[in-house]
Amino acid sequence: MAAQGRCPSCGSAALVEDAHYAQQQLVCAACGCVLAEGLLTTTYTEEEHLREVSYSQSTGQKEQLSRCLQRGIRRVQDLCKVLQLPRVFEETAVSYFQRAVQHPSFHLVSLEKKELLGGCCVFVTCRQHNWPVTMGTICSLLYAKQELFASVYLSLQKELELSVPALSLADLVKTHLNSFRLFQHAANVPAPFVEDKEKVVARTMQMVELASETWLVTGRHPVPIVTAAAFLSWQSLQPSARLSCTLGRFCKVAGVDLPPPAHLRLKELLEILLRMASQLAWLRVFKLDKKTVVKHIGDLLQHRIFLLKNAFCQEDGEEQGAAAPGEGSPSSPPAAGGVAQEKGCPSGGKCQHEGGPRPLLPPCLINSRKRLRTAATSPSDSAITGDEPISDSEIEQYLRGPEEIRAFSKAKAWP
Amino acid sequence: SSFKDDVSTSPQLFAPMSPYDVELPIQTTEDVLFGSQLNQPKDLPTDFSSVDLSFLPDITQDNNEQNLSEDGHEMQKEPDGSIPRNEDSGIFVDESSLSYPRTTQPSPEASGVCPSLTPMTPMTPVTPASESSGIVPQLQNIVSTVNLACKLDLKNIALHARNAEYNPKRFAAVIMRIREPRTTALIFSSGKMVCTGAKSEEQSRLAARKYARVVQKLGFPAKFLDFKIQNMVGSCDVRFPIRLEGLVLTHQQFSSYEPELFPGLIYRMVKPRIVLLIFVSGKVVLTGAKERSEIYEAFENIYPILKGFKKAS
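Here is a short report on the structure shown in this document. Everything numeric here is computed off the predicted structure, so don't read it as measured data.

How each quantity is defined
- Residues numbered from 1 in each chain as written.
- Chains lettered and ligands numbered in written order.
- Predicted model: local features only at pLDDT ≥ 70, side-chain atom pairs only at ≥ 80, totals over all residues.
- Heavy atoms only, no water.
- Axes fitted to C-alpha atoms, helices over the stretch in contact; angles between N-to-C directions.
- Helix = DSSP H or I, 4+ residues; strand = E, 2+ residues; numbered from the N terminus.
- Parallel < 35°, antiparallel > 145°, perpendicular 65-115°, else oblique.
- Left-handed = near helix turned anticlockwise from the far one by under 90°.
- Contact = heavy atoms within 4.5 Å.
- Nonpolar A, V, L, I, M, F, W, Y, C, P; charged D, E, K, R; others polar.
- Phe/Tyr/Trp six-rings, centres within 6.5 Å; stacked < 30°, edge-to-face > 60°.
- Buried < 20%, exposed > 50% of the residue type's maximum accessible area, 1.4 Å probe, protein only.
- Lys NZ or Arg CZ within 6 Å of the ring centre and 35° of its normal.
- Pairing = 2+ DSSP bridges.
- Disulfide = S-S within 2.5 Å.
- Salt bridge = Lys/Arg side-chain N within 4 Å of Asp/Glu carboxyl O.

## Quick word on the packing of helix H3 (residues 67-82) of chain A against helix H6 (residues 111-128) of chain A
Residue and element names in this part refer to chain A. Two elements in contact, H3 and H6, have axes separated by 9 Å at closest approach and are oriented at 40 degrees. Here H6 runs oblique to H3, going by the angle between their axes. Note that H3 runs across H6; the crossing there is right-handed. Taking contact as the criterion, the partners of Cys68, Arg71, Arg75, Val76, Leu79 and Cys80 in H3 are, on H6, Leu111, Lys114, Glu115, Gly118, Gly119 and Val122. The residue inventory of the contact of H3 with H6, partitioned by class, reads 6 nonpolar, 2 polar and 4 charged.

Below is the structure:
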C-alpha cells in the first residue's frame, strides 16, 4: 500500500510500512510516530489515521437498518402476532413496509404516520390474502384516528400501486362472530341467550347474502350489516325467549360494540323479510309485523330465491309485471298485489302500493328525497363566449365607496 | 353458432355515427381487428369455444354485445378468467375459486343465447360505434388559474372591495366572489389567481376577467396572462343501480372500493386520465379533466362497463 501524506507530529514525508509482530503499521521514519496500525477498516482516510468517523460517513450505515426502520418493522411484526396471522403475512407486510418507508412520499412523514403506515401494510397484506380484517380493527389496535388511517392507506395504495381486492363479507361474518360472547355459558349471559355458534354463523351468512342481493350492502359499512344480521339470526333460532331482547342489549350481552347504523340496517332487513313473507302462502294468514316475522326467518331464508323474485319486481320488468300473475305464487295473490303486478313496474318509484311488489333497488333510490335536477344550462348560459365586454357599472357594484371605507376601517381597526 | 352470425351481420359495425367517435380512436381500430377475427372463426381463442358455460344465467343478445364492448375498453390487462359478475354471485365468488370444466362440446346453444364471458385473451368491442349512451354528463365545476402579473396588496383589496374576505391567519389569500357568473376566486399577493365554481369554460374565463377588472379598478396594473383551465368536474346519472362489488372484482386494476371509507367506487381511468366516482344509485362523478371532451370520452368508456352490471331480468 502506498504511503501517503506527512507525519502529523514532525511533518516528515518519510513514512514507512513496518510490521510490529503480526500487525501492519505505518511509521514515520524520522520521529517514530505510528500513524496507522491494524488496517482492518475501510478506505476512508480518517479511519486510516485512527480519527473518529461519524456514523453517517462510515460504511456501517449502509449495512444496518436505521433505528426508525427497525422500530417500524418490529411494530409490524407485533401487529401480525396480535392478529394471529400466518408467518407468510408477516414477511409480506414487512417487505411492503420497507418499500413504503423508502418511498419519497413516506420517507419524511411524522412518526405517527409511519406507525399507521405499518398498520396499513398489515391491512393490505390481509386483504390480498382474503383474510378478513376491517380498518376499524387495525385502527383500534394502533389507537389511530380513522381519517388519518384512511389517508395513509389511500396514498400507500396509490404510491406502491397495490391492487387490493374487496373485502369478502362472508369471511367477515365468521371473524366478526368470533368476538361475540354468546356461544358459551357465562355469568352475564342468561341461559336462553346462549346459542350454538355454527348455527348462528350459518344463518347469519344466509342473512348477509340476502342483504347483499337486495342492495343493502353496496356502499355501506360492512360491520353494522353483519351485526344486524347476526342479531336477527340469533333471535330467530329461539324466538320465544329472545324476541323481547333489543339490539342494544344483544350487543351488550355479546360484548361487542353497537355501531350506530346497525339500527337502520335492522329496519331495512325487516322490511325485506316482511315483503318476502307476504309471498309465502302459509304466512299470509298471519298479519306479520316486524316482531313476529322473526319467528319465520328460517322458512324465509330457505325459500329466499323464490320469494325475492316474487316480492320485488325487476327494473325493466314490464314483461315481468304482466306475466307475474300467471307464474306467480301457489295461492292467488291478494287483490292489491295482483293489481299492482298487472300494472307492470316501470322503473323508478312508481311501484309503491302497500301490499304490492316494489322495485328491487338500493334504499337511496327508493327513499330518494332529492328533487330531480332539471338541466341546469339555460340558453343564455350556453351563449357565453367568455370574451363579452364587461360594463363598468357591474364592476363598481363590488367596490366600496369612500364613506364606506372610512366607516369600515374605523369599525374594524384595520391591522 | 348464433353468436358469430349475429355479430357479423350487424350492419353498423364499421359505421362511426357517434358524435364522440373522434375521441374514441381505440374503438374504431379495434372494431376493424375484431371484424377480421370474425371472418375466420377458427382464429378465436380455443379456450372460448371449449368452455362449458351452461352454468351461467341466460342473457339476451343486447347484454352480450355490451359485455364484449366492456372488454374492448380495457385492452391493457384482463383479469385471468374472470366473468362479468351477475349480482347473485356478486361478492361471494372468489376469482381463484372459479374453474372452467373443459369439455369437447362446441360453444353452447342454450336457446340461442350467447354467454357473457370475459375471454382469456382480450377481445375487442362488438358494440357498433353508433350505440352511444345517449346521456351527456353535465359540467358542474371548472377550476382555472390566471396570472395578473403584478404584486397585490391583499389588505388594501379587502378594505376596498365589498365582495372580498381576507383572514391572513387562516389563509394567505383574498377570497372574492361575484354574482354573475356565480364563482369564487382566490387572489394571492403574488398576483396569481384561482377561479372556481363556473359551469363552463367560457363562464370561467368571463368570471376570471371580471375579477381581474375588479383588481384593476382597485388601482393595480393587473393583466390577464396564461389563463388555463386546470380541472373540470362533471356528473351524470345512468339511471340504474350498480353492483360496485362486482365492478371492483372485474376491474381491480382501476378500481378502489372501500365501503368502510367511502360509499362510492373510485375508478381511475387510464385513457383518458380521469377519475370517476361511481355510486350504487347510478350517479357518476367525473373529475380530473383539462378538456370537456375528456369527460365525455370517459363516460362513453365507462357506460358499457356499467351496463354490464345492470341486473339482468
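## Some remarks on the packing of aromatic side chains
In this description, a pair of aromatic rings is defined by centroid distance and the angle of the planes. Under the criterion given, the structure shown has 14 aromatic pairs over all chains. Seen from their ring centres, phenylalanine 254 of chain B and tyrosine 267 of chain B are 5.7 Å apart, and the 25 degrees between their planes marks the pair as stacked. Taken together, the positions of phenylalanine 254 of chain B in the loop between helix H7 (244-250) and strand S7 (255-257) and tyrosine 267 of chain B in strand S8 (residues 265-269) put the pair 13 residues apart, joining distant regions of the chain. Taken as a pair, phenylalanine 254 of chain B and tyrosine 267 of chain B share a single burial class, namely buried. Taken together, a centroid distance of 5.7 Å and an interplanar angle of 40 degrees make the contact between phenylalanine 299 of chain B and tyrosine 303 of chain B tilted. Taken as a pair, phenylalanine 299 of chain B and tyrosine 303 of chain B lie in helix H8 (residues 292-307) at a separation of 4 residues, close to a single helical turn. Neither phenylalanine 299 of chain B nor tyrosine 303 of chain B differs from the other in exposure class; each is buried. An aromatic cluster of three or more residues is present, and its members are Phe180, Phe193, Phe231, Trp234 and Phe250 of chain A. Above the face of the phenylalanine 408 of chain A ring, arginine 400 of chain A is positioned so that its terminal group lies 3.8 Å from the ring centre. One cation-aromatic arrangement involves arginine 205 of chain B over phenylalanine 227 of chain B; the distance from NZ or CZ to the ring centre is 5.8 Å.

## Looking at the sheet that holds strand S1 (residues 15-20) of chain A
Residues and elements named next belong to chain A. Ordered in space as S1-S2-S3, the 3 strands form an open sheet in which the pairing is antiparallel. Because the sheet does not close on itself, it has two edges, and the strands there are S1 and strand S3 (34-37). Averaged over all neighbouring strand pairs, the angle between strand axes comes to 25 degrees, with direction disregarded. Examined bridge by bridge, strand S2 (residues 23-28) and S3 share 3 bridges and lie antiparallel to one another. Bridged to leucine 26 within S3 is alanine 36.

## Details of the environment of valine 88 of chain A
Locating valine 88 of chain A in the fold gives a position in helix H4 (residues 87-102). Measuring from C-alpha to C-alpha, the distance between valine 88 of chain A and threonine 125 of chain A comes to 9.5 Å, with 37 residues separating the pair along the chain.

## Structural notes on the state of the cysteines
Applying the stated criterion across every chain yields a total of 0 disulfides over all chains. Here cysteine 139 of chain A is not disulfide-linked; the sulfur of cysteine 120 of chain A is the nearest cysteine sulfur, at 8.1 Å.

## Things to note about the packing of helix H9 (residues 169-178) of chain A against helix H10 (residues 197-213) of chain A
Residues and elements named next belong to chain A. Where H9 meets H10, the axes come as close as 10 Å, and the angle between the chain directions of the two elements is 145 degrees. Crossing of H9 over H10 shows right-handed handedness. Facing H9, whose interface residues are Leu169, Ala170, Val173, Lys174, Leu177 and Asn178, H10 presents Lys197, Val200, Val201, Thr204, Met205 and Val208. Broken down by class, the residue content of the contact of H9 with H10 amounts to 8 nonpolar, 2 polar and 2 charged.

## Overview of the pattern of salt bridges
Across all of its chains, the model carries 20 salt bridges over all chains by this definition. Here arginine 265 of chain A ties to glutamate 268 of chain A by a salt bridge, and the two come within 3.1 Å at their closest N and O atoms. Remark: glutamate 268 of chain A and arginine 265 of chain A occur in helix H14 (residues 262-277); sequence separation between them is 3 residues, near one turn of the helix. The same class applies to arginine 265 of chain A and to glutamate 268 of chain A, which are both buried. In this structure, lysine 283 of chain B engages aspartate 237 of chain B in a salt bridge whose closest nitrogen and oxygen atoms are separated by 3.6 Å. One end of the pair, lysine 283 of chain B, is in strand S10 (residues 283-289); the other, aspartate 237 of chain B, is in strand S6 (residues 225-237), with 46 residues separating them in the sequence. For aspartate 237 of chain B, a relative accessible area of 19% gives the class buried. It is possible to trace a salt-bridge network through shared partners that takes in Asp392 and Glu396 of chain A together with Arg213 and Lys217 of chain B.

## Considerations on the pairing of S8 of chain B
All names here are of chain B. Among the 5 residues of S8, 4 are classified as buried, and the element is accordingly described as predominantly covered. Looking at chain direction, S7 and S8 are connected through 3 bridges and run antiparallel. Opposite tyrosine 257, over in S8, you have leucine 265 as the bridge partner. Where S8 lies against strand S9 (residues 274-278), 5 bridges are found, and the strand directions are antiparallel. Considered in S9, the bridge of leucine 265 is made with isoleucine 278. Between S8 and S9, which follow one another and run antiparallel, lie 4 residues.

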